[in-house]
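Descriptive analysis of the structure
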Protein chains: 2
Amino acid sequence: MNTADLGLPVDVPSTALFTDQYELTMLQAALKAGTGDRRSVFEVFTRRLPEGRRYGVVAGTGRVLDAVENFRFDAGVLGFLRERNIVDETTLAWLADYRFTGDIWGYPEGEVYFPGSPILRVEGSFAECVLLETVILSILNHDSAIAAAASRMSSAAGDRPLIEMGARRTHELAAVAASRAAYVGGFATTSDLAAGFRYGIPTVGTSAHAFTLLHDNERDAFRAQVDSLGRGTTLLVDTYDVTEAVRMAVEVAGPELGAVRIDSGDLLLVAHRVRQQLDDLGATETKIVVTSDLDEYAIASLAAAPVDAYGVGTQLVTGSGHPTASMVYKLVARAHSAEPGAPLEPVAKKSLGAKSSMGGRKWAARREDAYGVAEAEVIGTGAVPDGLVEHQLQVELVKGGEVLAREPLDAVRDRHAAARARLPLSATQLSRGEAVIPTEYV
Amino acid sequence: MNTADLGLPVDVPSTALFTDQYELTMLQAALKAGTGDRRSVFEVFTRRLPEGRRYGVVAGTGRVLDAVENFRFDAGVLGFLRERNIVDETTLAWLADYRFTGDIWGYPEGEVYFPGSPILRVEGSFAECVLLETVILSILNHDSAIAAAASRMSSAAGDRPLIEMGARRTHELAAVAASRAAYVGGFATTSDLAAGFRYGIPTVGTSAHAFTLLHDNERDAFRAQVDSLGRGTTLLVDTYDVTEAVRMAVEVAGPELGAVRIDSGDLLLVAHRVRQQLDDLGATETKIVVTSDLDEYAIASLAAAPVDAYGVGTQLVTGSGHPTASMVYKLVARAHSAEPGAPLEPVAKKSLGAKSSMGGRKWAARREDAYGVAEAEVIGTGAVPDGLVEHQLQVELVKGGEVLAREPLDAVRDRHAAARARLPLSATQLSRGEAVIPTEYV
């Protein structure tokens with residue numbers, strides 16, 4: 001990983017500070033009490049999917065691995081913690097040597113998940129594991145929320161490509177992660193150059209209304225764009241009058257014009273009219289791109305319209321109504337003492353209400369029917385039943401502190417498409433519903 | 001600004017890549033057409049507030065100034081753009097020398113805003129201004145959305161302090177900006193260490209349920225925490241049974257116990273019971289902190305409960321239902337030619353529907369009644385009417401490319417409190433409504 005000078009508008013010297021203070025105060029108290037060395041198992045899961053959603057999408061795992069690897073307390077960080085009197089000197093000395101030496105298992109990135117799915121399991125001493133809580137949740141909660149929205153949109157779009165263009169609607173670095181998550185969820189391209197730079201996602205973009213307004217008239221603007229970007233470019237045709245603009249676009253670029261973009265109005269109606277007009281002008285190969293406040297429902301409603309590609313912004317980067325997944329990072333088992341080999345004991349919060357959870361280190365498997373369609377998310381502790389061993393979902397990601405494998409983003413994207421395809425057909429219904437398969441505890 | 005090696009999980013060498021590709025392709029086409037040098041005025045504004053909201057809060061301006069200052073195309077960035085064939089060599093050469101040399105005026109950070117308020121105005125050549133669109137909008141849309149939610153929450157909380165603890169619910173760097181925006185909106189502290197490091201926001205935190213579960217019993221956990229963090233610490237009392245935990249907390253820490261935290265259940269009911277129990281145990285000074293899925297409505301509903309502080313996570317960092325402000329960056333005027341001194345002409349998109357806007361470089365002033373209460377946001381082009389000159393809202397932020405002034409965050413926070421206090425009383429009603437003052441165009 002290249003961690004060269006980033007010139008970012010936020011300067012934080014390590015992923016170690018993407019951390020809630022209480023992780024450090026718990027560490028200090030546990031070290032003093034002699035309990036920090038107890039072997040511990042933390043699991044990441046969600047108690048429920050966002051209301052009405054039928055499946056979740058695991059995204060961000062690759063970023064979690066980067067964050068764990070770069071979780072170090074250097075002199076700048078330690079100086080800050082000392083100056084603010086956040087932890088004592090014993091704890092600072094411990095942090096100076098910190099690096100995660102434990103194991104991480106998890107659902108591979110791009111997999112789908114359901115309520116209770118143990119999508120990440122972090123094992124090691126309490127001290128080394130508790131510190132990672134905040135940054136792991138930040139990444140998985142954000143990226144999975146975006147990927148879930150992206151997956152619904154890509155399902156609604158079918159074979160038509162989706163362009164991610166939401167950078168301006170979210171934090172500038174959240175935007176980069178959102179592009180990545182959108183790609184995992186099935187988007188084809190992004191407008192965000194940083195996402196192209198960092199993750200190799202194909203980038204696209206041609207012009208905005210400002211470009212038309214800069215010029216003395218629309219014809220000058222179109223000519224300037226075609227002169228510079230070629231006839232294959234996409235001309236934006238809704239600055240003044242769409243019909244007139246389409247006529248002029250084909251006049252300027254010829255029937256080889258790559259595409260026109262429509263960014264306002266009744267897209268269903270306008271797309272039909274523009275298609276007819278383009279065909280009448282002989283521009284039968286010129287594509288139509290639409291980009292106005294789309295979400296998965298608007299995309300679905302345009303399925304029968306002559307649209308060739310969709311650009312999605314706000315609704316993608318805000319998770320289409322659900323900007324965060326509600327994943328938690330819970331201690332589910334720990335040893336009774338710090339002695340090596342001390343057995344793990346399940347633990348769980350016992351309070352009444354919705355915040356209870358199931359203790360113990362869990363395995364997870366997706367049971368399939370005779371046709372290979374998922375029928376249940378099966379979660380348990382102890383031995384995995386015979387028929388489920390080969391359907392287990394968790395893979396080893398980090399062993400003894402070493403990241404085992406990194407994947408190309410295309411592999412993650414393909415995995416998501418394959419996992420979604422193995423769900424029951426109702427998974428991709430856009431209407432509100434329950435999780436498409438039940439979670440069974442054994 | 002310190003831009004030293006950040007060790008972040010995203011590596012982007014400059015703020016210049018937080019940019020949609022079309023900004024660069026428009027630049028290329030404008031340079032080729034000779035229109036890139038036309039003097040231009042872009043304005044940031046929103047057509048509407050989020051539904052039901054009565055005012056907006058300008059936040060992120062300080063971060064915008066950092067981003068503009070660091071908007072440079074170094075060898076790494078240029079190499080990427082060349083390799084991907086995103087722009088031509090002429091444009092690459094122009095970008096290599098890029099630095100913004102224009103002027104920026106805007107509402108001072110922390111001010112309130114309304115539909116149409118020109119909260120930022122960027123002036124210079126089209127070429128140098130158009131490039132800044134994406135990163136400016138990313139910052140203002142994110143930070144203002146969070147600050148608006150924070151402002152409603154701090155208004156609902158009255159004199160009781162609010163703790164920002166949403167880092168785990170949003171992108172790890174969005175979390176840092178969210179802490180900053182929350183502070184602007186009136187929050188007192190944050191759990192996010194990176195926000196403390198970067199912005200000097202006071203940080204807090206003691207322990208989570210995992211700490212209790214790590215130990216053999218609640219008493220051991222409380223004792224370990226008090227031994228390490230002192231009697232003034234906050235003990236989390238809802239891991240098992242709240243009544244038993246409160247009893248034990250006071251037994252372990254004595255009546256000097258700093259606070260107890262309740263993170264689940266019916267907070268109104270539980271807070272009353274816990275207060276009574278603490279008082280009966282002689283812990284009359286021990287405070288009660290509540291932290292379970294709070295938003296401004298839940299905070300308001302606890303106004304009569306014996307609660308001393310609120311911790312807010314998810315709803316803060318997701319803007320309490322509105323995770324982004326809908327600000328746009330629009331070309332509102334440009335010269336007819338690139339000649340120095342060529343007069344500016346107003347321009348605006350003319351299409352039907354909601355995306356039209358008003359052309360021309362605008363001033364803005366807040367008209368007040370005889371008691372100093374705001375009664376209208378007045379926006380116009382041309383000369384400012386006499387009675388409004390001293391009520392103008394925009395200040396000069398960047399002159400000839402130089403950032404004029406940076407402010408301590410406390411000054412921004414104080415400005416917001418003062419600006420909100422000058423709004424009509426109904427501004428801080430939580431119920432859904434229209435903008436609390438009308439926008440008038442003159």
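No experiment lies behind these values; they were computed from the predicted model shown.

Definitions and cut-offs
Residues numbered from 1 in each chain as written. Chains lettered and ligands numbered in written order. Predicted model: local features only at pLDDT ≥ 70, side-chain atom pairs only at ≥ 80, totals over all residues. Heavy atoms only, no water. Helix = DSSP H or I, 4+ residues; strand = E, 2+ residues; numbered from the N terminus. Buried < 20%, exposed > 50% of the residue type's maximum accessible area, 1.4 Å probe, protein only. Contact = heavy atoms within 4.5 Å. Areas by Shrake-Rupley, 256 points an atom, 1.4 Å probe, with all protein chains shown as cover. Lys, Arg positive; Asp, Glu negative; His and termini not counted. Charge placed at Lys NZ, Arg CZ, Asp CG, Glu CD. Axes fitted to C-alpha atoms, helices over the stretch in contact; angles between N-to-C directions. Parallel < 35°, antiparallel > 145°, perpendicular 65-115°, else oblique. Left-handed = near helix turned anticlockwise from the far one by under 90°. Nonpolar A, V, L, I, M, F, W, Y, C, P; charged D, E, K, R; others polar. Pairing = 2+ DSSP bridges. Buried area = accessible area lost by both parts, 1.4 Å probe. Salt bridge = Lys/Arg side-chain N within 4 Å of Asp/Glu carboxyl O. Phe/Tyr/Trp six-rings, centres within 6.5 Å; stacked < 30°, edge-to-face > 60°. Lys NZ or Arg CZ within 6 Å of the ring centre and 35° of its normal. Polar contact = N/O pair within 3.5 Å; in protein donor to acceptor, adjacent residues only side chain to side chain. Expected span 1.5 Å × (residues − 1). Domains from an automatic or database assignment. pLDDT = per-residue confidence, 0-100. Least-squares fit on C-alpha atoms with pLDDT ≥ 70 in both. Core = buried A, V, L, I, M, F, W, Y, C linked by side-chain atoms within 4.5 Å.

Thoughts on the overall build of chain A
If you tally the helices and strands in chain A, you get 15 helices and 18 strands. Considering chain A as a whole, with its 442 residues, one finds that 62% of them fall into the buried category. Residue pairs at least 24 apart in sequence account for 74% of intrachain contacts in chain A once pairs closer than 6 positions are excluded. Carbon and sulfur atoms provide 51% of the accessible area of chain A, an area that totals close to 15,300 Å². Averaging the locations of the 43 positively and 58 negatively charged side chains of chain A gives two centres separated by 4 Å.

Things to note about the packing of helix 6 (residues 133-157) of chain A against helix 7 (residues 172-184) of chain A
Residues and elements named next belong to chain A. Contact geometry for helix 6 and helix 7: axes closest at 8 Å, N-to-C directions at 45°. Considered as vectors, helix 6 and helix 7 are oriented oblique to each other. In the packing of helix 6 onto helix 7, the handedness of the crossing is right-handed. Contacts between helix 6 and helix 7 pair H142, D143, I146, A147 and A150 from the former with A174, A177, A178, R180, A181 and A182 from the latter. Of the residues contributing to the contact of helix 6 with helix 7, the split by class is eight nonpolar, one polar and two charged.

Topic: the environment of A:P385
All names here are of chain A. Along the chain, P385 falls in the loop between strand 15 (374-381) and strand 16 (395-399). Among the residues examined, P385 registers a relative accessible area of 36% and is labelled partly exposed. Spatially, the C-alpha atoms of P385 and G254 are 65 Å apart, while their sequence positions differ by 131 residues.

Re the sheet that holds strand 9 (residues 259-262) of chain B
Read from one edge to the other, the open sheet built from six strands follows the order 7-6-11-10-9-8 (chain B), with strand pairing classed as parallel. At either margin of the open sheet sits one strand with a lone partner, and together these are strand 7 (189-190) and strand 8 (234-236) of chain B.

Concerning the interface of chain B and chain A
Each side of the interface is counted separately: chain B has 114 residues, and chain A has 114 residues. Together chain B and chain A conceal approximately 9,900 Å² of surface at their shared face, both sides included; 59% is due to carbon and sulfur atoms. In this structure, A:R168 and B:D20 form a salt bridge, with 2.9 Å as the shortest nitrogen-oxygen distance. Among the elements that line the side of chain B that touches chain A, the one with the most residues is helix 1 (residues 21-33) of chain B, at eleven residues. Of the residues contributing to the side of chain B that touches chain A, the split by class is 50 nonpolar, 39 polar and 25 charged.

A word on the packing of aromatic side chains
Within the structure shown, the criterion is met by 14 aromatic pairs over all chains. Judged by centre distance (6.0 Å) and plane angle (85°), the ring pair of A:F73 and A:Y98 falls under edge-to-face. Of this pair, A:F73 sits in the loop between helix 2 (61-69) and helix 3 (75-83) while A:Y98 sits in the loop between helix 4 (89-96) and strand 3 (103-106), and the two are 25 residues apart along the sequence. Exposure remark for A:Y98: the relative accessible area of 5% places this residue in the buried category. When the ring of B:W94 is compared with that of B:Y98, the centres are 5.7 Å apart and the planes differ by 40°; the resulting orientation is tilted. For B:W94, a relative accessible area of 25% translates into the label partly exposed. Three or more aromatic residues joined by ring pairs form one cluster here, namely A:F71, A:F73, A:W94 and A:Y98. Across from the ring centre of B:Y183, 4.5 Å away, lies the NZ or CZ of B:R413, which sits over that ring.

Describing the side chain of B:S292
As for its placement among the helices and strands, B:S292 is situated in the loop between strand 10 (287-290) and helix 13 (296-301). Within the structure, B:S292 has its side chain in polar contact with the backbone oxygen of B:D263 (distance 3.2 Å).

What to know about helix 7 of chain A
Compared with an ideal rise of 1.5 Å per residue, which puts 13 residues at 18 Å, helix 7 of chain A spans 19 Å between its outermost C-alpha atoms and is within 8% of the ideal. Extensive coverage of helix 7 of chain A is indicated by the burial of 13 of its 13 residues.

Some remarks on the packing of helix 1 of chain B against helix 4 (residues 89-96) of chain B
All names here are of chain B. Two numbers describe how helix 1 lies on helix 4: the axes approach to 10 Å, and their chain directions differ by 105°. If you check the angle between helix 1 and helix 4, you find them roughly perpendicular. Each of L24, L27, Q28 and L31 in helix 1 lies in contact with helix 4, whose residues at this interface are T91, W94 and L95. Across the contact of helix 1 with helix 4, the residue classes tally to five nonpolar, two polar and no charged.

Focus: the domain arrangement of chain A
All names here are of chain A. Domains assigned within chain A are domain 1 (15-131 + 326-441) and domain 2 (152-320). Taken residue by residue, the interface counts 18 residues in domain 1 and 21 residues in domain 2. In this assembly, domain 1 packs against domain 2 so that about 1,600 Å² is buried in total across both faces, 53% of it on carbon and sulfur atoms. A per-residue breakdown of the area domain 1 buries against domain 2 is headed by L409, R413 and L430, which together make up 44% of the total.

Re the confidence of the model for chain A
A low pLDDT means the predicted coordinates there should not be read in detail. Residue and element names in this part refer to chain A. In the predicted model, chain A carries a mean pLDDT of 94, and 96% of its residues have values of at least 70. With pLDDT under 50 throughout, residues 1-12 is counted as low confidence; its partners more than four residues away or in other chains account for 60 contacts. Predicted as a complex, the structure gets a pTM of 0.96 and an ipTM equal to 0.96.

Considering the relation of the copies chain B and chain A
For these two chains of identical sequence, chain B goes onto chain A by a turn of 180° and a shift of 0.0 Å along the axis, with RMSD 0.0 Å. Both copies are brought into coincidence by an operation consistent with a two-fold rotation axis. The share of interface residues of chain B whose copies in chain A are also at the interface is 100%, consistent with both copies meeting through the same surface.

As for the pattern of salt bridges
Residue and element names in this part refer to chain A. Inspection of the entire model under this criterion finds 64 salt bridges over all chains. Close ionic contact of E440 with R367 constitutes a salt bridge, the shortest N to O distance being 2.8 Å. Placement of E440 in strand 18 (residues 439-441) and of R367 in strand 14 (residues 362-368) is noted, with a sequence separation of 73 residues between them. A residue is classified by how much of its surface remains accessible, and E440, at 27% relative accessible area, is partly exposed. Within the structure, one salt-bridge network assembled from shared partners comprises R39, D103, R121, E123 and R361.

With respect to the environment of A:E244
Along the chain, A:E244 falls in helix 11 (residues 242-253). Between the C-alpha atoms of A:E244 and A:V395, which are 151 residues apart in sequence, the distance is 57 Å.

Topic: the nonpolar core
Residues A:F73, A:L81, A:V122, B:F73, B:L81 and B:V122 are the most contacted members of the largest nonpolar core, which totals 150 residues. Ignoring sequence-local partners within four residues, the contact set of A:V122 consists of A:S40, A:V41, A:F42, A:F100, A:D103, A:I104, A:C129, A:L132, A:I136 and A:Y329. With 57 residues, the next largest nonpolar core counts A:Y55, A:F222, A:V270 and A:L294 among its residues.

Focus on the pairing of strand 16 (residues 395-399) of chain B
Residue and element names in this part refer to chain B. Sheet topology places strand 3 (residues 103-106) next to strand 16; three bridges connect them, and they run antiparallel. Paired with W105 across the bridge in strand 16 is E396. Looking at chain direction, strand 16 and strand 17 (residues 402-403) are connected through two bridges and run antiparallel. Bridge assignment links V398 to a residue of strand 17, and that residue is V403. Hairpin connection, strand 16 to strand 17: the antiparallel pair is bridged by two residues, and G400 has positive phi, about 55°.

What about unusual backbone geometry?
Residue and element names in this part refer to chain A. Unusually for a residue other than glycine, D293 sits at a positive phi of about 50°. Inspection of the secondary structure puts D293 in the loop between strand 10 (287-290) and helix 13 (296-301). On the accessibility criterion, D293 (55% relative accessible area) is exposed. Of note, S320 is a non-glycine position whose phi angle comes to about 50°, a positive value. Residue placement: S320 occurs in the loop between helix 14 (314-317) and strand 12 (327-335).

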